[in-house]
Structure formats: structure tokens, C-alpha cells
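# Topology and contacts: notes
One-letter residues, chain by chain:
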Amino acid sequence: MSGRFVRSSKYRHVFGRSTRKDQCYDNLRVSRNAWDTNLLKVNPKHIAVNWEAGGGGAFAIIPLEERGKLPERIPLCRGHTAVVLDTDWNPFNDDLIASGSDDGKVLLWRVPENFTVRPEADADDIQDLAPIGKLSGHPKKIGHVLFNPAAENVLATASGDYTVKIWDIEAGAPKLTLNIGDIVQSQSWSANGSLLVTTSRDKKLRIWDVRQERPAHETNGHTGAKNSRAVWLGERDRIATTGFSKMSDRQLALWDIRAVREPINGFKTLDSISGVCMPFWDDGTSMLYLAGRGDGNIRYFELENDKFEFLSEHKSADPQRGVAFMPKRGVNMHENEVARAYKTVNDQYIEPVSFIVPRRSENFQDDIYPPTAGVTPAMSSSEWLGGKEALPPKISMASLFDGEGIKEVKGVEEKPTGSMDAPAPKPADAPQATETPKETRKTPEPASPKPAPEPVSEPTPAARPAPSMKEQGASMAAMVNKFADGEDATVSDDDDSSFEEVPKPVERPTRSVAAESASPRVSSPLRPKEVETKPQPAVAAAVASPIAPSPATDAPSPTTSIPRNDIEEIKNLLAEQTKTIADQAQQMQTLTAEIEALKSKLN
């Protein structure tokens, strides 16, 4: 055994790639307000950035394709009478955004068609955008706004009045109120939009049953005096939080929503930097990104077996105050980009940072791009208020890769929210697994009346080496070592694991129970010679149909043809091991003779 084990992961070599200055968004005036929000929000069409503006509050909307240096005067979203503290894009409409301000108001905005920050007009004639709706109900500043990820037109707003209000923006009225009891520092929805997690200044972590207007769970969070953040880990029943210890060390914690008294494996200390860690979760890759506020680093982890495994860190000399991550449907799959962050630099420009899986293939990488959240809500606001729970339908990343537009993947949304399994790959492969039996059911009949391979019981006299018990034990031990070494190789190989492990798990789930019980080594790609034989349709039906196993009459054909090769392999292995043992015995005799000779010389 090697003694050094390297964890197998296809994301071990993910690296962050910065963008050239001329491809960034330059000449900005990012808000210098000290309120702790991300300052930026991004979707596949636009970036929203809190703006430093006099005479009330404003924020800017920048189309993604308009890179480079912006004009001195651009159209802004003006309407608040105080500084804008937070914004959030509607997950089901890339042109609708909500903003919260120090004036206690929430304004709704719609981006017009063909909107540009470089209009063909004089600087004095540039028209600012006007809001299309206003939500009034908080008496104090609104520090956080967040759309529900499953229900249409449901918005959560956290205010300085120590409450979180849930709005039906279509009706323009608050429907629910959560009494937090202190300033809310962060909030995050569960994937089906039924639960909301909050962190607050009283150092409490609360998981709210929103429609009951009460906390389902409440516990002590990070003990430090500085702000903490929480993020829901997609469709899992897990929450990640970042915060500080009493000694002002930055911490990371993982929580099980069913038992939130203590974090899983306790609080993990990251470092002693003073900036708040902004967490971002990518459900498709099970990766957590931590961007430090006030430093230039973005480190990322992979969640595996309820543990955050550190992958790497993107380091930069340019500190960031605001960071936003692109939704998965907006990444560049042709460059194997699994995530893209947008960070503010010196409050003057926004720099995109791409996180890339290094692979040479130019084809679609289905293992790193499972179906992701789309643009269709799972329910209306009235259905959500009535108690409905559902996940929004997912879309195929392959259709976006091929330029076919957004295509929904059927059946994926039926998985429960609390499922800990990887949500995407299985439903994507399911149609293929159900199509193959239809083809094979047409031809399995001829396999049973032709038991030609039946006399293949010839290999039974295969014990020709007639090894002793000692030799049999040695050969079996060698077989165990052989497979153990194979596992070590896949675990410890830094170069191959992230590239070559992909195809293996795809084919394993398609085996049927009947096929495995009939033949312990049924792995169809390993039997190229048997493809030409008549019994092959029966083997294909047994392997490809996990729902309807082959009739009993089809069983003899795979069990008679396949063991022949298995026994031949065992025979060859035994012969090799016998030869090896004989060589070793001869070496032992030689060494014994040399030792005796040395003894005689010494005497």
C-alpha cells in the first residue's frame, strides 16, 4: 500500500481564470455604503450594481455584452430617496429586478428591450429608468431582498424593524411577517421555497417555516461579533454558514436542518482575516465558493460525505467588496466553465472570474453539467401561499450547449427537496435506459431455443495446474492484492482521476438484479467477442432492463458463455501466480546458498 491517499474528484484541478482589463466593466462608481451586502447581482443578461449617486439612491444595470470602459453618464435606475442597499433579479424573468433601500421602500424595475448603457444621445438627454411598482410596509431601511426560487412573484425583504416580510408582488401587499427580533444579516431560501434560513445580530441561526410564520428550528450560530452569512445548499437538507469565533477567526460550518443544535463536525476555522466571507453554492457540482470581503481571494470546497473538502483558491492582489455568481444556465460550457464570479475592484470596475475544469474534449461534458434550474416557476404565489410545495422544472444544459435554447427535462422536478442524492444525472440517463429494452424485447425469443453454447461446460477440467493448498492461498492473496492495487491507482493518481473516472459510474446503475445474480461479472463492454453470438440479445435485455428482467428461459445463455472467459482468466492468473511463486522459491534458494557461503567464510 502506498501510504498516501489522494481523494478522487473531477473538480480537484478546477482553476480560476481572471479577465483582461479591457474585457472588464470599467469606469463605474460602485456604492461606498458600509451596509453588508454583495453590492452586485447578475443573471445571464445583465449585471446590477449599487451606484454611488447624489440626491437619493440609484443602481446601474449593465448588459453583459457591453464590456470595456463605460461613458461618464449612463442611464441609472432612480426612484429611491435614500441609498440602495440590495437588489435581486427575478429567477423566472431576466428583465425584472427588485431593489431595497434605506428609505424603507422596495421598488420593482423592468429592463426595456434593447437596453444599452451607451445610448445615442447627449449626456444631458440620457433618460434614467423609472420603477414599475412600489412595495411599502417597512418603517425602517430594507437591507436584504430575495426572490423565492420556486414560487412566482414571492419576495422576502429583511428590514431594520427586525422583521422579514413576504410579499406577493403581483398583489403589491405583504402576506406574511416573520418576527426576527434583531437585525437580519443574511437570508436564504430552500430549493422548494417552503423554508427560509436567517442569521441575525443576536448570533442565532433560525430556520423558518415561512407560511406558519414561526421558526421551525433555532440555535446558536457563530459566536463572533462580526456578521455571519448563511446559504442553503440547493435541494439538500443542509445549510452552510460563515462567521467568526470569539477570537475573530473566520469560520465555516455545515448544518443538518433536522438536527441544528450543533453543526456537523463543529466549526471549521479558515483563517484570521477580518473580512466577511460571502458564501455561494453551486448545486450542479456540489461546490461551495467563499469570497472574502476586503481581500482578493476566492476559495472553493467540494461537499462530500457531509464534509467540505478544500479544492483550491483563486488568489488576486485586487481586493473585492462585492461579488456575484452567475446562474448555472449562463456559464460558458464550450470552455468547461462550471462557475463565473463577478467582483468589484477598487469600486471602479467589475472583473469576471471563470472557474474552469481542465479538459481537452470539445464535446458536451454531461457529468459536470447536469440539468439545472430553469425559468419556469413550480407554482404561482397563490398556490404557494395555499401550502403547495414543489421544485421548479429543470432544463437541459446539453440543449444550451448545442444552441437549441431552453428545454425542460421531464421528471427531474419530482425528486423530493430533502434528497441527498445527486439530483441531475439519473433522470437525464433514464430515457436511454428505458428505450433499450424496447428494442431488445423484439429479439430475445430466438435466444432460448438455441442453447448451442450449452456444452460449454468443457472448462470444468480447468484445474490442470493442480496447485497445492499453499499455492492456492498464495494465488488468492495475489488476486486480492491485484484488485486492491487497482483501487489505489484510481485514488492516488493525480493526473488521471479527474479526467478518466467519468464514464465508469454511468454504466453501473443500468445493471439489473437478475443479471448480477446470474453472472457475477456481467459487464457487457468487456465481452467484445460475444457480440456476434446469437445469445447476445438476451444478455442485452438482462443488462439494460432494470424494470422487466428477462424470462427464465433466457438465463442459460449468458451463464454458459460468460463463465468460459471467467474460468480462462482464472486459469491464466493461477498459472502466472504459480510461475511467480516458483521464481520466488528459486530466488530464496539462491539467497539461502549465498547466506550459507557467507557464514562459512565468517567461520
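Please read these numbers as outputs of a predicted model, since none were measured by experiment.

## Description of the overall build of the protein
- Of regular secondary structure, the protein possesses nine helices and 33 strands.
- Taking all 603 residues of the protein together, the buried fraction comes to 48%.
- Carbon and sulfur atoms make up 51% of the accessible area of the protein, which amounts to about 29,400 Å² in all.

## What to know about the sheet that holds strand β18 (residues 204-209)
- Judged by pairing direction, the sheet is antiparallel, and its four strands sit side by side in the order β16-β17-β18-β19 without closing on themselves. Both outer strands of the open sheet, β16 (184-189) and β19 (214-220), are each paired with one neighbouring strand and no more. The average undirected angle you get between the axes of adjacent strands in this sheet is 20°.
- Here β18 pairs with β19 via six bridges, running antiparallel. Bridged to Trp208 within β19 is Pro215.

## Quick word on the pattern of salt bridges
- What the rule picks out here adds up to 37 salt bridges.
- For Arg229, the salt bridge is made with Asp36, and the minimal N-O distance between the two is 2.9 Å. Of this pair, Arg229 sits in strand β20 (residues 229-232) while Asp36 sits in the loop between β2 (25-26) and β3 (40-42), and the two are 193 residues apart along the sequence. The same class applies to Arg229 and to Asp36, which are both buried.
- For Asp295, the salt bridge is made with Arg250, and the minimal N-O distance between the two is 3.4 Å. A residue pair is termed long-range when its members are at least 10 positions apart, and Asp295 in the loop between β25 (287-292) and β26 (298-303) and Arg250 in strand β22 (residues 250-256) qualify at 45 residues.
- Residue Asp295 is classed as buried on the basis of its relative accessible area of 11%.

## Here we look at the sheet that holds strand β9 (residues 96-101)
- Strand order in the open sheet made by the four strands is β8-β9-β10-β11, with antiparallel pairing throughout. Taken across any chain shown, the strands that pair with only one partner, and hence form the sheet edges, are β8 (84-89) and β11 (133-136). On average, adjacent strands in this sheet sit at an angle of 20° to one another, irrespective of strand direction.
- Across five bridges, the pairing between β8 and β9 is antiparallel. Note on β9: the bridge partner recorded for Thr87 is Ser99.

## Details of the nonpolar core
- Ile47, Val49, Phe59, Ile61, Tyr342 and Ile350 are the most contacted members of the largest nonpolar core, which totals 33 residues.
- Of all the elements in the fold, those that place two or more residues in this core are β3, β4 (46-51), β5 (57-63), β8 and β10 (105-110).
- Counting residues per element, this core draws most heavily on β5, which supplies five residues.
- Look past the residues within four positions of Phe59 in its chain and what remains in contact with it is Ala48, Val49, Asn50, Trp51, Leu76, Cys77, Val84, Thr87, Ile97, Ser99 and Trp109.
- Grouped together as the second largest cluster of nonpolar side chains are 24 residues, Phe280, Tyr289, Val338 and Ala339 included.

## Quick notes on the UniProt feature "repeat: WD" (unreviewed entry) in the protein
- Under the UniProt annotation, the feature "repeat: WD" (unreviewed entry) is placed at residues 77-119, 135-177 and 184-218.
- Structurally, residues 184-218 comprises 0% helix and 66% strand, and the distance from its first C-alpha atom to its last is 14 Å.

## So, unusual backbone geometry
- Positive phi, close to 65°, is recorded for Asn153, a residue that is not glycine.
- With respect to the helices, strands and loops of the structure, Asn153 is situated in the loop between β12 (142-147) and β13 (154-159).
- Since its relative accessible area comes to 14%, Asn153 is described here as buried.
- Despite not being glycine, Asn346 shows a phi value in the positive range, around 55°.
- Within the secondary structure, Asn346 is located in the loop between β29 (337-345) and β30 (349-356).

## Considerations on the pairing of β10
- Relative to β10, β9 runs antiparallel, the two being bridged by five bridges. Bridge pairing in β10 places Leu96 opposite Arg110.
- Taking the residues between adjacent antiparallel strands as the criterion, β9 and β10 are bridged by three residues, where Gly104 takes a positive phi near 80°.
- Here β10 pairs with β11 via four bridges, running antiparallel.

Cut-offs used in this document
Residues numbered from 1 in each chain as written. Predicted model: local features only at pLDDT ≥ 70, side-chain atom pairs only at ≥ 80, totals over all residues. Heavy atoms only, no water. Helix = DSSP H or I, 4+ residues; strand = E, 2+ residues; numbered from the N terminus. Buried < 20%, exposed > 50% of the residue type's maximum accessible area, 1.4 Å probe, protein only. Areas by Shrake-Rupley, 256 points an atom, 1.4 Å probe, with all protein chains shown as cover. Pairing = 2+ DSSP bridges. Axes fitted to C-alpha atoms, helices over the stretch in contact; angles between N-to-C directions. Salt bridge = Lys/Arg side-chain N within 4 Å of Asp/Glu carboxyl O. Core = buried A, V, L, I, M, F, W, Y, C linked by side-chain atoms within 4.5 Å. Contact = heavy atoms within 4.5 Å. UniProt positions renumbered as here; feature names shortened; annotations may be inferred.

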